[in-house]
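# Structure at a glance
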Amino acid sequence: MTAGLDRLRGGVPAKRHNARTIAALTGNPGCTRRAVLDAAGVDKPKLSQQIGFPGRFGQSRFALARGNGFEAMLKADDCALLRSVLAECLRLDASGAYDDLGEDADDTLTARHGRTRRLLADAAGAALIDHPLLTLDVAGQRVFLEPDLIAFQAEGRLHVVEIKSFAIVDGQADSAKVSAAAVQAAVYVLALRGLLEELGHDPALVSHDVVLVCTENFSLQPAAVVLDVRKQLATLKRQLTRLASVSSLAAALPESVSFDLALPPADLIAALGHVEARYAPECLSACELAVYCRHEAAGGTAALGRPVREALGGVDTLAEALALAAGTATPTEEQVEAAALLQAAARLRAELL
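This write-up is about the structure you can find in this document. What you see is a predicted model; the values in this text were computed from it and never measured. (Residues numbered from 1 in each chain as written. Predicted model: local features only at pLDDT ≥ 70, side-chain atom pairs only at ≥ 80, totals over all residues. Heavy atoms only, no water.)

If you tally the helices and strands in the protein, you get 14 helices and eight strands. The principal-axis extent of the C-alpha atoms belonging to the protein is close to 75 × 55 × 40 Å. The buried share of the protein, reckoned over its 353 residues, is 43%. Looking at the protein alone, contacts between residues at least 24 apart form 64% of all its contacts between residues at least 6 apart. (Helix = DSSP H or I, 4+ residues; strand = E, 2+ residues; numbered from the N terminus. Buried < 20%, exposed > 50% of the residue type's maximum accessible area, 1.4 Å probe, protein only. Contact = heavy atoms within 4.5 Å.)

Let us look at the environment of Lys 46. Counting through the fold element by element, Lys 46 comes out in helix α4 (residues 44–50). Judged by relative accessible area, which is 48%, Lys 46 ranks as partly exposed. Along the sequence, Lys 46 and Glu 288 sit 242 residues apart, while their C-alpha atoms lie 9.0 Å from each other.

Of note, Asp 77 is a non-glycine position whose phi angle comes to about 55 degrees, a positive value. With respect to the element layout, Asp 77 can be found in helix α5 (residues 61–90). In this structure Asp 77 comes out as exposed when scored by relative accessible area, which is 69%. Residue Asp 170 is not a glycine yet carries a positive backbone phi of 50 degrees.

Turning next to the nonpolar core. For soluble globular proteins, nonpolar side chains are generally found buried alongside one another. One finds Leu 8, Ile 22, Leu 47, Leu 136, Leu 145 and Phe 259 to be the most contacted residues of the largest nonpolar core, which totals 74 residues. No other element matches the 13 residues that helix α7 (residues 175–198) contributes to this core. Discounting residues that sit within four places of it in the chain, Leu 136 has contacts with Ile 22, Gln 141, Arg 142, Val 143, Leu 145, Val 187, Leu 190, Ala 191 and Leu 240. (Core = buried A, V, L, I, M, F, W, Y, C linked by side-chain atoms within 4.5 Å.)

Further remarks concern the pattern of salt bridges. Under the defined criterion, the tally for this structure stands at twelve salt bridges. The partner of Glu 288 in a salt bridge is Lys 44, with the nearest N and O atoms 3.6 Å apart. Here the residue Glu 288 occupies a position in the loop between α10 (265–272) and α11 (290–296), and Lys 44 occupies one in helix α4, the gap between them amounting to 244 residues. The residues Glu 288 and Lys 44 share a single accessibility class, namely buried. The salt bridge involving Lys 75 is made with Asp 130; its shortest N-O contact spans 2.7 Å. (Salt bridge = Lys/Arg side-chain N within 4 Å of Asp/Glu carboxyl O.)

The pairing of strand β7 (residues 209–216) with strand β8 (residues 222–228) spans seven bridges and is antiparallel. In the sheet register, Thr 215 faces β8, and the bridge partner there is Pro 222. Where β7 hands over to β8, the hairpin turn is made up of five residues, of which Asn 217 adopts a positive phi near 55 degrees. (Pairing = 2+ DSSP bridges.)

Right, let's get into helix α3 (residues 32–40). Counting buried positions over the nine residues of α3 gives nine, a clear majority of the element. Along α3, the residues classified as buried are Thr 32, Arg 33, Arg 34, Ala 35, Val 36, Leu 37, Asp 38, Ala 39 and Ala 40. With its phi angle positive at about 75 degrees, Gly 41 sits one or two positions after the end of α3.

It is worth spelling out the side chain of His 159 at this point. Here His 159 lies in strand β6 (residues 158–168). One polar contact links the side chain of His 159 to the main-chain carbonyl oxygen of Asp 209, over a distance of 2.9 Å. For His 159, the contacting residues outside a window of four places in its chain are Leu 90, Leu 149, Ile 150, Ala 151, Gln 153, Ser 207 and Asp 209. (Polar contact = N/O pair within 3.5 Å; in protein donor to acceptor, adjacent residues only side chain to side chain.)

On to the pairing of strand β5 (residues 149–152). By the alternation rule, side chains of β5 split into Leu 149 and Ala 151 and Ile 150 and Phe 152, which are all buried. Of the pairings in the sheet, the one linking β5 to β6 comprises four bridges and is antiparallel in character. If you follow Phe 152 over to β6, its bridge partner there is Leu 158.

Now for the packing of α7 against helix α8 (residues 230–244). The N-to-C vectors of α7 and α8 enclose an angle of 70 degrees; their axes lie 9 Å apart at closest approach. Between α7 and α8, the angle falls in the class roughly perpendicular. Counting all contacts with α7, which are made through Ala 182, Val 183, Ala 186, Val 187, Val 189, Leu 190 and Arg 193, the residues of α8 involved are Gln 232, Leu 233, Leu 236, Lys 237 and Leu 240. For the contact of α7 with α8, the residue count by class is nine nonpolar, one polar and two charged. (Axes fitted to C-alpha atoms, helices over the stretch in contact; angles between N-to-C directions. Parallel < 35°, antiparallel > 145°, perpendicular 65-115°, else oblique. Nonpolar A, V, L, I, M, F, W, Y, C, P; charged D, E, K, R; others polar.)

Between its terminal C-alpha atoms α5 stretches only 32 Å, short of the 44 Å expected from 30 residues at 1.5 Å a residue. Its axis deflected by about 120 degrees at Asp 78, α5 carries its strongest bend there. Considered for burial, the residues of α5 that qualify are Gly 67, Phe 70, Leu 74, Lys 75, Cys 79, Leu 82, Arg 83, Val 85, Leu 86 and Leu 90. One or two residues past the end of α5 sits Arg 91, with phi positive at roughly 60 degrees. (Expected span 1.5 Å × (residues − 1). Bend = angle between axes of the 7 residues up to and from the residue.)

Enumeration according to the criterion identifies zero disulfides in this entry. Of the cysteine sulfurs around Cys 79, a residue in no disulfide, the closest is that of Cys 89, at 15 Å. The structure places no disulfide on Cys 89, whose sulfur is separated from the nearest cysteine sulfur, that of Cys 214, by 11 Å. (Disulfide = S-S within 2.5 Å.)

So this is what it looks like as structure tokens:
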């Protein structure tokens, strides 16, 4: 972490990332504002509250309780139920060894990470590894990550197992939830490959096929599906590389720009104005600052979503789009194509009405 990024936070420590926040980085890779704030370790939930635009994130306590109960049921009796699910899904030998690395409640993160390294250094006898602890470098921060499970297949490849309590109904699940689970699992795959590489093993021993275990229909009976996360891995690597090089963006900001949470809201909002955002409606489910960015984007074409913004390249505001559609404004050279689309749409609308 460079001094420039530290300066942006003020006098507070950097907020630590976790698998969910790292996964969320892939949601809007073109947003400079998010890249700078995440690289600097700014606490975005507190920042959004301080400026008066708090986001609404997190699971309900009922969903958390259901998820914890489902995971406990799967892992009871040395993962007896989970073994049967994985045996069918991965052809995993259900009689293999089971290692729980999180049994010591007083253990430190560093110690548990050391046990994970030792076990994976010679994983030939491990069929299931529970509560492993991995690390990943995110913009100079060492982030500790805890997958739900690592399964070691008989063919010699490691698979990340992600346990979620949302339902697969008649073979179908909520696409947004599956996508989020796939990105989160890709974070673990990337961290696990990095660890194996440090240990002198081939990182390709970690499969890009992850196992998603969910509830089936309207019961707590488990169902497992295999997800290919190669696309998510590629996106994740690009975004992490971008975060690592974002110090140049921070260095270009005026010295007066600071996101110190002790500052008045007006000063924080002024500081945000110096860092370009790339708002899209889907940000509301992935970024804590999305409510403010939506407010900021009001009246702009970006607020209508990425497809509209891309189709109307060069047309930044709704007022400008309406004027071009009505023919009352002369398009610039870069707006000619968008203006033709808008005028055609206006003509069709008038014919229909």
